[in-house]
Amino acid sequence: MTVIRRSRPAAGRHIPWPLCRRCSGIALDLGSARTRAWIAGRGVVLDVPTVTFPGNGALHPIQRGTIVDTPGTARMLDRLLGPRLPRFGRPLVVVTAPVLDGLAFRTEARTAVEILRPRAVLTVPGARAVALAAGADHTRPLLVVDIGAHLTEVVLLAEGAVTDARRTALGTGDLGDDTTPEQLTDAVVDMVTAMLRQDRTSLTRTALRRGILLAGGGALRPDITQDLPGRLGCPVQPVPSPHTAAVRGAASLLAAEHHHPSATGTA
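Residues numbered from 1 in each chain as written. Predicted model: local features only at pLDDT ≥ 70, side-chain atom pairs only at ≥ 80, totals over all residues. Heavy atoms only, no water.

Caption draft 1: Main features of the pattern of salt bridges. Under the definition given, this model contains seven salt bridges. Between Arg-166 and Asp-164 there is a salt bridge, with the nearest N and O atoms lying 2.6 Å from each other. Among the residues examined, Arg-166 registers a relative accessible area of 17% and is labelled buried. On the basis of relative accessible area, Asp-164 is assigned to the partly exposed category, the value being 21%. Across the pair Asp-186 and Arg-231 runs a salt bridge, and its minimum N-O distance is 2.9 Å. Of the two residues, Asp-186 is situated in helix H4 (residues 181-198) and Arg-231 in helix H7 (residues 228-232); the sequence distance between them amounts to 45 residues. Linked through salt bridges whose partners overlap, the residues forming this network are Arg-34, Arg-36 and Asp-47. (Salt bridge = Lys/Arg side-chain N within 4 Å of Asp/Glu carboxyl O. Buried < 20%, exposed > 50% of the residue type's maximum accessible area, 1.4 Å probe, protein only. Helix = DSSP H or I, 4+ residues; strand = E, 2+ residues; numbered from the N terminus.)

Caption draft 2: Quick look at the layout of surface pockets. Of the volumes computed, that of the largest pocket is approximately 530 Å³. Around the largest pocket, the lining comprises 28 residues; the ones closest to its centre are Asp-29, Gly-31, Asp-146, Gly-148 and Ala-149. Taken together, the elements giving at least two residues each to the lining of the largest pocket come down to strand S2 (25-30), strand S3 (34-39), strand S7 (92-97), strand S10 (152-158) and helix H8 (245-259). (1 Å grid on protein atoms, 1.4 Å probe; cavity = no way out; pocket = protein on both sides within 12 Å on 5 of 7 lines; lining within 4 Å. Points joined across faces, edges and corners; volume = space filled by probe spheres on them.)

Caption draft 3: Expanded view of the side chain of Ser-32. Considering the arrangement of structural elements, one finds Ser-32 in the loop between S2 and S3. Here His-150 takes part through its side chain, which lies 3.2 Å from a polar atom of the side chain of Ser-32. For Ser-32, the contacting residues outside a window of four places in its chain are Thr-50, Ile-62, Gln-63, Arg-64, Gly-65 and His-150. (Polar contact = N/O pair within 3.5 Å; in protein donor to acceptor, adjacent residues only side chain to side chain. Contact = heavy atoms within 4.5 Å.)

Caption draft 4: Structural detail: unusual backbone geometry. In this structure, Arg-117 takes a positive phi of about 55° despite not being glycine. Assignment of secondary structure puts Arg-117 in the loop between helix H2 (102-113) and strand S8 (120-125). Backbone geometry at Glu-159 places phi at a positive 55°, although glycine is not the residue there. Relative to the elements of secondary structure, Glu-159 occurs in the loop between S10 and strand S11 (161-168).

Caption draft 5: Spotlight on the packing of H4 against helix H5 (residues 203-210). In the contact formed by H4 and H5, the axes pass within 8 Å of each other and the chain directions differ by 135°. By the criterion of interaxial angle, the relationship of H4 to H5 is oblique. Contacts between H4 and H5 involve Val-192, Met-195 and Leu-196 on the former and, on the latter, Thr-204, Arg-205 and Leu-208. Taken together, the residues of the contact of H4 with H5 break down into four nonpolar, one polar and one charged. (Axes fitted to C-alpha atoms, helices over the stretch in contact; angles between N-to-C directions. Parallel < 35°, antiparallel > 145°, perpendicular 65-115°, else oblique. Nonpolar A, V, L, I, M, F, W, Y, C, P; charged D, E, K, R; others polar.)

As structure tokens, then:
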């Protein structure tokens, strides 16, 4: 996890949202199709399309895991979250990010989040956030497959850290156009197979024996979840409420940071 530290505002009067200024926080999952936000003390408060309205039509500022319109993303966050935040508070913000090409995403996300006047910004790989939401055992290798609307990632975690990852610019939002559920399943199988072949350790094989953790909107589709176990030869376990798993995992990190601020930046 990476962090940007900011000087904290001078101590002021106590405010009741949710407990104090220092305790206010936001977990964000900025997807190409939907934006989800969790606010400390309120839970998940947003699950809305990722769109901006600069003129006569709607634009999509995030496309296939890439923030293509940073000012538009900032305007969207201000419109959606600005009225929900305390007037004088400065929240701690945790943002999920794709594993691959994540550096560019994190840079643009931090810039966009500035509109919320955060006291600090943390980023966390989406796959790790999913594993946290599922309460997975981090002491053993784990494969996370996140099938989003326009991006699918296969990520190998060991001791909670990313050791390998694959991605394809396909997702459930492409189904019905020129993409079938079988093709999306094929893409996942190809990524897992490539990871297994190129792994010179036993981590991927060990993770497969344990089974795959499935998240994203794809985990809600029986035509995908019923096909993958047979194709991969291993158990496939959808996480509870898979479409909000990433933001809930980010929220758990937010809560941990509030309790242990000295741990910031270690994950």
